[in-house]
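Descriptive analysis of the structure
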Amino acid sequence: MIYMLIGISILLALIFLLAFFWASKTGQNDDTYTPSVRMLFDEEATGKIDQKSDEDHL
Amino acid sequence: MAMSKTKTLTVETHCYHCGEDLPFSPYILADKQFCCLGCQGVYQILSSHNLDNYYAYNDVPGQTQKTQAPRLEYLDEPTIIADLVDYQDNETTVITFYIPAIHCSSCIWLLENLYKINPAIIQSRIDFLKKQVVITFKNKALSLRELAEILSRIGYEPLISLQDVVKKQQHDVSDRQLIRKIAVAGFCFGNTMLLSFPEYFGLSGLEQQFKDFFGWLNLAFCLPVVFYCGRDYFSSAWINLKNGVLNLDFPLALGIAVMFLRSAAEIFSRSGAGFADTLCGLVFFLLVGRWMQKHTYHHLSFERDYRSYFPVAVTLLKENKESPLPLNQLKQGDRILIRSNEIIPADAILLNGTARLDFSFVTGESIPVEKVLGEVVYAGGRQLGGAIELEVIKPVSQSYLTRLWNNETFTADKDRIKTFSGTASKYFSVALLSVAIGSGLFWLFKEDPSKAMASFTAVLIIACPCALALSSPFTLAAVLSIFDKNKFYLKNTAVIEELARIDTFVFDKTGTITNPEAANFSFSGKITAIQKQWISDLARNSGHPLSRELVKWIALPKQFTALDYQEKVGRGISGLIDGQLICLGSTAFLGIEPVPQLPGSTVHVMIADQYLGYFLSSQQWRNGFKDLVLHLGRHAGLHLLSGDQEHDRKSLIPFFPSIQHMHFRQSPQNKLDYIKTLQNKGHKVLMFGDGLNDAGALKQSDLGVAITDNINNFTPGCDAILDGSSFSRIPNFIRQAKDAVRVIHMSFGISLAYNALGLFFAVQGTLSPLIAAVLMPASTITIISFTSIAARLYARKNHLL
C-alpha cells in the first residue's frame, strides 16, 4: 500500500516536472515581463471612444 | 480628477506626443500641441484609427519625431527580405524587428494593436525586455517595406543592421537548458530530502523494511542529477585538467563523484543511507549560482562592430537608374548615391556633388570635413549636405575604417580576466587533496582500513566547495544589479573584479568627455524671440563649433538670409539680417569692455550697435568631468587619446597630469598601439570611448567602457556600457567593485570556516549523512544572505543605492 502511494506521489511530481519542460520548450519562460503588462490592457478601450461619438450624434 | 488636471498642465508646455518643450510656434491639432510635424503626424494616424488609448496608459509616451525618416527601398529586395524574415510562404510572413524605441506600456499596447492600422497585419507580439516585436502579416496585401514604413511613421522605427542581433538571440537556447537542469535538480533535491527524513529522525522496528526501498529510490534520483545536471562540472574539470589548470570545477566534480560512489556503495552494501540529499542539494545550489552569474541584458549588445553601424543596403546607380543593393554585394567600381544623413559604407571617390562629412564617430574629429570632386572619401562618414555620387574603390571589408577589425586583437579570445575564485581554487584543490590523502593515510597507519576509506571520502564530500563556488556569483550578481540601477551595464560578472584592479584610465575626447549634444547655453541679458531668430540665422553661416552649437541650441528653422556676411576667424561674425546689423563674437571683436573669466566659452551679442549680453556655453565637458579626473588622478594614471585636432589642448591641460599623457590626431590603430604600450609597462588599463575609432582600443584594453547618451544607440564592442548621465559616478563604481572583491574574500573566509568544522568530523571518520545534510545547506544559505546583504550595504556607503 505504502509503496503504491509513494509511487503515485512521485509520478505526480514527475508530471509537473514534464509540464515545466513543456512550458520551457514552447518558450513560455522566455519573456517573463510583457504578459504582466499585457493583461492590464482593456479590450473595451475602443468602446469608450465609440460611445463618445454616439453622444456627438445626439 | 486630480490626474486629468495634471495632464492638462503637462500638455500646455510640452508636446502632447513626446513631451519635449514646445517651440516658439507649436503645431496645433484638436487642442493638442505638438513640437514638430512628425509628432503631430503620429497623433493623426493613431487618432484616425481609434488608437487614442496610447495616450491614456502613459503621459507623453511618444518619441520625438524631429529626426528624418530613413529610406527603406532596400526592403523591397528579395535577397534582403530572405535574410531578415523568420518565416515566409505564399500567404504570410513572420518577421522579428528590433525596435529601440520600445520603452513603456503604451508601446506594448500600440504595437500589439497594429492590426487596427492595417488589416493585413495578422498579429504582433512584443517581447518588452528584448525590445523586439514579432509581426505576422499577409505578404500579398502588405510588403515588408510598407510594414517598416508604418512602424517608422508611428514612431517605432525598426533597427535593421548587417550584424543582426535578433537572429543571434533566437538561436541561443543555453539559457533554457540551464533552467531545465535547475528544475530537474530541484525536483530530485526535494524528493531525496523527503525520503531521507525518516532516516534522520530514526526508524522504528516496523519501518525498517522501508529503509532499503528509500535508499534505492534516493539512488535513482541521484542518477539524473549526476549524469544530466552535473555533467558540465565533469567535462569542465576534465578539460581544465588536461590543460594543466586546477579550477574550482575540479574539487566540485570530485565531490559529486565521490558522494555518488559512496552513496551507491553504502546502499548496495546496506551499510548506510548515503548522501543522496546532500548531493542533489549541492548540484541544485551550484546551478542556481551559475544562473545568477548569467545575467544577460537582452536589449544591449557588447559585441557590435562596424557592421551594425553601417546600413544594410546602399543605393546603386546603374545606367541612370537607382536600385538598392545589399551592402555585402557592393564591388569595386560600383557607383553609389549617398543622400543627406546617410553613411558612406566603403572608401570611394567623389564624382558628383559637394561632400560635407561628419566623421566625429569614426575619427573623433568634431568639425565636418569638406571634400571636392575627385577626392577620396573614407568609409564611415555621415553626409551632412545634399546627395552625392561616389565610385567605390575598395570593398566594405577592406576600407580604411573596417581594416581595424582585421587586427589580431579582434581574433584573439578576450576571455582572460583572472578571477579571485579561479586563483583561490588552485590552492584550495591542492590543500583539499592533501588533507583527504593525509587523513586516509593516518587511519591506514593505525591499521583501520575501513575508517581510512570513510575519512578519505568524507573529506572530499564535506569540503566540496559549494559555498565557495557560490560566494563569487552571488556577490557579483548583486553588484551587477546595483550597477544596472545606476545605468552602468556590464558584459559579465568578471568585469567587476577587473574593474577593482584598474590603475590607468584612458579617455577619448569627442563624445566621451565632451557631450555630443554639447553645449547648453544660457543667456545673460535681455533678448526677444525675434532677436534669437536673427542670431540663429546669422550663426548658421559659420562653420565654427560654437556657432553650430548655438544654432542647434536655439533650434529655430531658418527665416532670414544674411547679407554682407563677414567672419573673422576665431573672433566673431557679423551680417545684416532683416535690415539689422548683428555682431556675434568675443568682446574684442565687438569692441566692448572685457568681462571677467567665465566657466565656459562666451558669445557676445550686439544688435544695431546695442550690446545685449552674452551666451555662456555652460557644459563643454560632460557633467562632473572635472571632479572625476581630480578624484581618479589621485591614485591612477590618466591619459587622453583623441582623434581630433589640437584645438582643445589648452583647455584640457589642467585635467591631465602631464602633457605627455595627451595625444591628438590619433588614428584607430594609434590608439590600439598606445594601450598596448601601457599594458607592456605593466599597467591595467581602462579605456573610455564611444565611437568606432575607439573600437580597437576598447578591445585591447583590460576593460573597455563605451559611453553613450542613449543606450539604444550604436556602441562599439566593449566590456561595459555606461550611460552618460552616470559619468560622474565612475569613482563610486570603482569603490563598489573594490568592496565587492572584499566581500568575496570575507565570504570565502566564512565558507572555509564551515569547511573546517566539517573536516573536524570528516578526518575522524565520523561524518554522518545528517551532519553533511545540515552543514551544506546551512553554509550555502549563510553565504547567499551574507553576500547579498554586504553588497547592498557597501552600495549604500558608496551612494549607489
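In case you missed it, the structure is sitting above this.
Below is a short write-up of the structure. (Residues numbered from 1 in each chain as written. Chains lettered and ligands numbered in written order. Predicted model: local features only at pLDDT ≥ 70, side-chain atom pairs only at ≥ 80, totals over all residues. Heavy atoms only, no water.)

**What to know about the overall build of chain B**
Check the secondary structure of chain B and you find 27 helices and 28 strands. Counting only C-alpha atoms and orienting by the principal axes, one finds that chain B spans roughly 110 × 65 × 65 Å. Long-range contacts, defined here as pairs at least 24 residues apart, represent 67% of the contacts in chain B between residues at least 6 apart. Surface exposure of chain B reaches about 35900 Å², of which carbon and sulfur atoms provide 57%. For chain B, the distance from the average site of its 74 positive side-chain charges to the average site of its 71 negative ones is 4 Å. (Helix = DSSP H or I, 4+ residues; strand = E, 2+ residues; numbered from the N terminus. Contact = heavy atoms within 4.5 Å. Areas by Shrake-Rupley, 256 points an atom, 1.4 Å probe, with all protein chains shown as cover. Lys, Arg positive; Asp, Glu negative; His and termini not counted. Charge placed at Lys NZ, Arg CZ, Asp CG, Glu CD.)

**Re the overall build of chain A**
Scanning chain A from terminus to terminus reveals three helices and zero strands. Reading the helices (α) and strands (β) of chain A from amino to carboxyl end gives α-α-α. For chain A, with 58 residues in total, the buried portion stands at 19%. Carbon together with sulfur atoms contributes 66% to the accessible area of chain A, which is approximately 4700 Å² in total. (Buried < 20%, exposed > 50% of the residue type's maximum accessible area, 1.4 Å probe, protein only.)

**Digging into the interface of chain A and chain B**
Each partner contributes residues to the interface: chain A has 24 residues there, and chain B has 27 residues. Ranking the residues of chain A by area buried against chain B places A:Tyr3, A:Arg38 and A:Phe41 at the top, with a combined share of 23%. A salt bridge links A:Arg38 to B:Glu112, with the shortest nitrogen-to-oxygen separation between them at 2.6 Å. In this assembly, chain A and chain B are joined by four residue pairs in polar contact (both at pLDDT 80 or more). The set of elements that each furnish at least two residues to the side of chain A that touches chain B consists of α1 (2-25), α2 (34-38) and α3 (45-57) of chain A. (Buried area = accessible area lost by both parts, 1.4 Å probe. Salt bridge = Lys/Arg side-chain N within 4 Å of Asp/Glu carboxyl O. Polar contact = N/O pair within 3.5 Å; in protein donor to acceptor, adjacent residues only side chain to side chain.)

**Describing empty space enclosed by the protein**
All names here are of chain B. What the rule picks out here adds up to six cavities of 30 Å³ or more. Surrounding the largest cavity, 17 residues form its lining, Ile462, Cys464, Asn755, Met776 and Ser779 being those nearest its centre. Considering each element in turn, the lining of the largest cavity owes the most residues, four residues, to helix α27 (residues 769-797). Taken together, the residues of the lining of the largest cavity sort by class into 13 nonpolar, four polar and no charged. (1 Å grid on protein atoms, 1.4 Å probe; cavity = no way out; pocket = protein on both sides within 12 Å on 5 of 7 lines; lining within 4 Å. Points joined across faces, edges and corners; volume = space filled by probe spheres on them. Nonpolar A, V, L, I, M, F, W, Y, C, P; charged D, E, K, R; others polar.)

**Remarks on the pattern of salt bridges**
Residues and elements named next belong to chain B. Per the stated rule, a full pass over the model turns up 18 salt bridges over all chains. Notably, a salt bridge pairs lysine 671 with aspartate 694, separated by 2.6 Å at the nearest N-O pair. In this pair, lysine 671 is assigned in helix α24 (residues 668-680) and aspartate 694 in the loop between β26 (685-689) and α25 (695-700), connecting sequence segments 23 residues apart. Grouping residues by exposure puts lysine 671 and aspartate 694 together as buried. Sharing partners across several salt bridges, the network here consists of Glu497, Glu498, Arg501, Lys684 and Asp702.

**Considerations on the nonpolar core**
Residue and element names in this part refer to chain B. By size, the foremost hydrophobic cluster in this structure holds 110 residues, and its most contacted members are Phe505, Phe507 and Leu652. Considering every element that reaches this core, the biggest residue donor is helix α17 (residues 466-485), with 11 residues. Dropping the residues within four chain positions of it, phenylalanine 507 is found in contact with Ile513, Leu628, Val629, Leu632, Leu638, His639, Leu640, Leu641, Phe656, Phe688 and Phe727. Core analysis: the next-biggest nonpolar cluster, separate from the first, contains 55 residues, Cys36, Tyr43, Leu144 and Ala313 among them. (Core = buried A, V, L, I, M, F, W, Y, C linked by side-chain atoms within 4.5 Å.)

**Details of the pairing of strand β8 (residues 321-326) of chain B**
Residue and element names in this part refer to chain B. In this structure, strand β7 (residues 313-318) lies alongside β8, joined through six bridges in antiparallel fashion. Bridged to alanine 313 within β8 is proline 326. Taking the residues that link successive antiparallel strands as the turn, the β7-β8 hairpin has two residues, and the phi of glutamate 319 there is positive, at about 50°. (Pairing = 2+ DSSP bridges.)

**Some details on the side chain of A:Ser24**
Secondary-structure assignment places A:Ser24 in helix α1. Since its relative accessible area comes to 3%, A:Ser24 is described here as buried. Apart from residues lying up to four places away in sequence, A:Ser24 is in contact with A:Asn29, B:Arg176 and B:Arg180.

**Quick notes on the state of the cysteines**
All names here are of chain B. Counted according to the given criterion, the structure contains zero disulfides over all chains. Not engaged in a disulfide, the cysteine cysteine 280 finds its nearest cysteine sulfur in cysteine 222; these two sulfurs lie 4.3 Å apart. Using a relative accessible area of 0% as the deciding quantity, one classes cysteine 280 as buried. (Disulfide = S-S within 2.5 Å.)

**Some remarks on the sheet that holds strand β5 (residues 121-127) of chain B**
All names here are of chain B. With antiparallel pairing, four strands are arranged side by side in an open sheet as β3-β4-β6-β5. With one partner strand each, in any of the chains shown, β3 (87-88) and β5 form the two edges of the open sheet. The sheet contact formed by β3 and strand β4 (residues 92-98) spans two bridges and is antiparallel. Paired with glutamine 88 across the two strands is threonine 93, which belongs to β4. Sitting on the sheet, helix α6 (residues 144-153) is in contact with β4, β5 and β6 (132-138), with an inclination near 40° to β4. (Axes fitted to C-alpha atoms, helices over the stretch in contact; angles between N-to-C directions.)

**Things to note about the environment of B:Glu342**
Looking at where B:Glu342 falls in the secondary structure, it is placed in the loop between β9 (335-338) and β10 (348-352). Through-space distance from the C-alpha of B:Glu342 to that of B:Arg382 is 5.6 Å; in sequence the pair is 40 residues apart.

**A few points about helix α26 (residues 730-763) of chain B**
The end-to-end C-alpha distance of α26(B) is 48 Å, a good match for the 50 Å that 34 residues give at a rise of 1.5 Å each. Once α26(B) finishes, B:Gly765 follows within two positions and takes phi at roughly 75°, a positive value. (Expected span 1.5 Å × (residues − 1).)

**Things to note about the packing of aromatic side chains**
All names here are of chain B. By the definition in use, this model includes 28 aromatic pairs over all chains. Ring geometry for tyrosine 43 and tyrosine 55: centres 5.7 Å apart, planes at 50°, overall tilted. Of this pair, tyrosine 43 sits in helix α2 (residues 37-48) while tyrosine 55 sits in helix α3 (residues 54-57), placing them 12 residues apart in sequence. Among the residues examined, tyrosine 55 registers a relative accessible area of 2% and is labelled buried. Here phenylalanine 442 and tryptophan 443 contribute two aromatic rings whose centre-to-centre distance is 5.3 Å and whose plane-to-plane angle is 80°, an arrangement assigned as edge-to-face. You can call tryptophan 443 buried: its relative accessible area is 15%. (Phe/Tyr/Trp six-rings, centres within 6.5 Å; stacked < 30°, edge-to-face > 60°.)

**Some remarks on the environment of B:Leu404**
All names here are of chain B. Inspection of the secondary structure assignment puts leucine 404 in the loop between β15 (388-392) and α14 (408-411). Assessed through its relative accessible area of 5%, leucine 404 is described here as buried. In the structure, leucine 404 is positioned 51 residues away from glycine 353 in sequence and 29 Å away in space, judged by C-alpha atoms.

**Notes on the sheet that holds strand β11 (residues 355-358) of chain B**
All names here are of chain B. Taken in spatial order, the three strands make up an open sheet running β12-β11-β14, and their pairing is antiparallel. In the strand order of this sheet, the two ends are held by β12 (369-371) and β14 (382-383), each with one partner. Looking at chain direction, β11 and β14 are connected through two bridges and run antiparallel. Across the sheet, residue leucine 357 finds its bridge partner in β14, namely glutamine 383.

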